[in-house]
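Single-letter residue listing:
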Amino acid sequence: MMTLGLFDQFMSPVFLGIPLILIALSLPWILFPRPTAHWLDDRLLALQGHFVNSFTQQILQSVNPKGHKWAVLFTTLMLLLVTLNTLGLLPYTFTPTTQLSLNMALAAPLWLA
């Protein structure tokens, strides 16, 4: 049996020697595509494009063709929510999506549109 000290609960979690806070902080930056002036995309940009395309296809499968004009808005909104909720997994941080004010600020204009 392993005994823990009083302040061991405040230690940063580590997986395979890598602090998980580094992974959680770098994940949103990996998901957002960056503009480039190259003719050909690199591997990271191709992976980001594949992620966005597959997500858009999943979202728009149940929507009629007239609703496809909302694809950019839905993809952007989903990336925002995934980023906010992923950063909420960090220890001692606050997830803004738990507040009614953020949810209403996002929901009311979308519902009215």
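Within any chain, residue numbers begin from 1 and follow the written order of that chain's sequence. Local features in a predicted model are, by the rule used here, given only for residues with pLDDT of at least 70; side-chain atom pairs are given and counted only at 80 or more, and totals for whole chains, interfaces and linings are based on all residues. With hydrogens and water excluded, all non-hydrogen atoms of the structure serve as input to the side-chain values.

A.B. asks: If you had to explain the overall build of the protein to someone new, which residues and values would you point to?
C.D. replies: In this description a helix means any DSSP run of H or I spanning at least four residues, a strand means any run of E spanning at least two, and both kinds are numbered starting from the N terminus. A count of helices and strands for the protein gives four helices and two strands. Along the protein, helices (α) and strands (β) appear in the sequence β-β-α-α-α-α when read from the amino end. Contacts spanning at least 24 positions in sequence make up 38% of the contacts within the protein whose residues lie at least 6 apart. Each accessible area is a Shrake-Rupley result for a 1.4 Å probe, and residues are judged covered by the shown protein chains and nothing else. Carbon and sulfur atoms provide 71% of the accessible area of the protein, an area that totals close to 9,400 Å². Note on definitions: a residue-residue contact is assigned when non-hydrogen atoms from the two residues lie within 4.5 Å.

A.B. asks: Give me the lowdown on the UniProt feature "transmembrane region" (unreviewed entry) in the protein, citing residues and values where you can.
C.D. replies: Per the UniProt entry, the sites bearing "transmembrane region" (unreviewed entry) are residues 12-32 and 70-94 in this numbering. For residues 70-94, the end-to-end C-alpha separation is 29 Å, with 68% helix and 0% strand making up the annotated structure. UniProt positions are given in the numbering used here, feature names are shortened, and annotations may be inferred rather than shown by experiment.

A.B. asks: Describe helix H3 (residues 71-87), and please don't skip the residues or the numbers.
C.D. replies: Expected span of a helix: the number of residues minus one, times 1.5 Å. When the terminal C-alpha atoms of H3 are compared, their 24 Å separation across 17 residues agrees well with the 24 Å that a helix rising 1.5 Å per residue should span. Each residue's exposure class comes from its accessible area (1.4 Å probe, protein chains only) as a fraction of the maximum for that residue type: buried when under 20%, exposed when over 50%, partly exposed otherwise. Turning to H3, its buried residues number three or more, namely Ala 71, Thr 75, Leu 79, Thr 83, Leu 84 and Thr 86.

A.B. asks: Go over the side chain of Thr 95, please, and point to the residues and values.
C.D. replies: When you line up the elements, Thr 95 lands in the loop between H3 and helix H4 (100-112). Ignoring anything within four residues of it in the chain, the contact list for Thr 95 reads Leu 84, Asn 85 and Gly 88.

A.B. asks: I'd like a description of the confidence of the model for the protein, backed by residues and values.
C.D. replies: The pLDDT value tells you how sure the predictor is about a given residue, anywhere from 0 up to 100. Residues of the protein with pLDDT of at least 70 account for 86%, and the chain-wide mean is 78. Considering each helix and strand of the protein separately, the mean pLDDT is smallest for helix H1 (residues 20-31), with a value of 73, and largest for H4, with 88.

A.B. asks: Requested: an account of the environment of Gln 57, with residues and values cited.
C.D. replies: Mapped onto the fold, Gln 57 is located in helix H2 (residues 43-60). Under the relative-accessibility criterion, Gln 57 is labelled exposed at 55%.

A.B. asks: I'd like a rundown of the packing of H2 against H3, residues and numbers included.
C.D. replies: To define axes, lines are fitted to C-alpha atoms, for helices over the stretch in contact only, and angles between the resulting N-to-C directions are given on a 0 to 180 degree scale. Across the interface, H2 lies against H3 with an axial gap of 10 Å and an inter-helix angle of 115°. In terms of their interaxial angle, H2 and H3 are classed as roughly perpendicular. Pair H2 / H3 crosses with right-handed handedness. Residues Phe 51, Val 52, Phe 55, Thr 56, Ile 59 and Leu 60 of H2 pack against Ala 71, Phe 74, Thr 75, Met 78 and Leu 79 of H3. Note that the term roughly parallel is reserved for angles under 35 degrees, roughly antiparallel for angles over 145, roughly perpendicular for angles of 65 to 115, and oblique for everything else. By definition, any crossing whose near helix is turned counterclockwise from its far helix by less than a right angle is left-handed, and any crossing with a clockwise turn is right-handed.

A.B. asks: Now, about a nonpolar patch on the surface: what can you tell me, with residues and values included?
C.D. replies: Like-charged residues are merged into a patch within 9 Å and nonpolar side chains (Val, Leu, Ile, Met, Phe, Trp, Tyr) within 5 Å, provided each residue has over 30% relative accessible area and no salt bridge. We define a salt bridge as a side-chain nitrogen of Lys or Arg found within 4 Å of a carboxyl oxygen belonging to Asp or Glu. On the surface, Phe 15, Leu 16, Ile 18, Leu 20 and Ile 23 cluster together into a nonpolar patch covering about 510 Å² of accessible area. Tracing the backbone through its elements, the reader meets Leu 16 in the loop between strand E1 (14-15) and strand E2 (18-19). Take Leu 16: its relative accessible area is 74%, and that puts it in the exposed class.

A.B. asks: Before we move on, can you summarise the packing of aromatic side chains with the specific residues and values?
C.D. replies: When the centres of two rings from Phe, Tyr and Trp lie within 6.5 Å, Trp using its six-membered ring, the rings pair. Their planes under 30 degrees apart give stacked, over 60 give edge-to-face, and anything left gives tilted. Inspection of the entire model under this criterion finds one aromatic pair. Ring geometry for Trp 70 versus Phe 74: centroids 6.4 Å apart, planes at 25°, classification stacked. Owing to a relative accessible area of 30%, Phe 74 belongs among the partly exposed residues under this scheme.

A.B. asks: Residue-level account of the packing of H3 against H4, with values.
C.D. replies: Two measures define how a pair of helices packs: the angle their axes make with one another and the distance between the axes. Relative to each other, H3 and H4 sit at 170°, their axes nearing to 13 Å. When the axes of H3 and H4 are compared, the pair comes out roughly antiparallel. Taken together, the residues of H4 that come into contact with H3 (itself represented by Leu 73, Leu 77, Leu 80, Leu 81 and Leu 84) are Leu 102, Leu 106 and Leu 110. Here the residues of the contact of H3 with H4 sort into eight nonpolar, no polar and no charged. Amino acids are sorted into nonpolar (Ala, Val, Leu, Ile, Met, Phe, Trp, Tyr, Cys and Pro), charged (Asp, Glu, Lys and Arg) and polar (every other residue, Gly among them).

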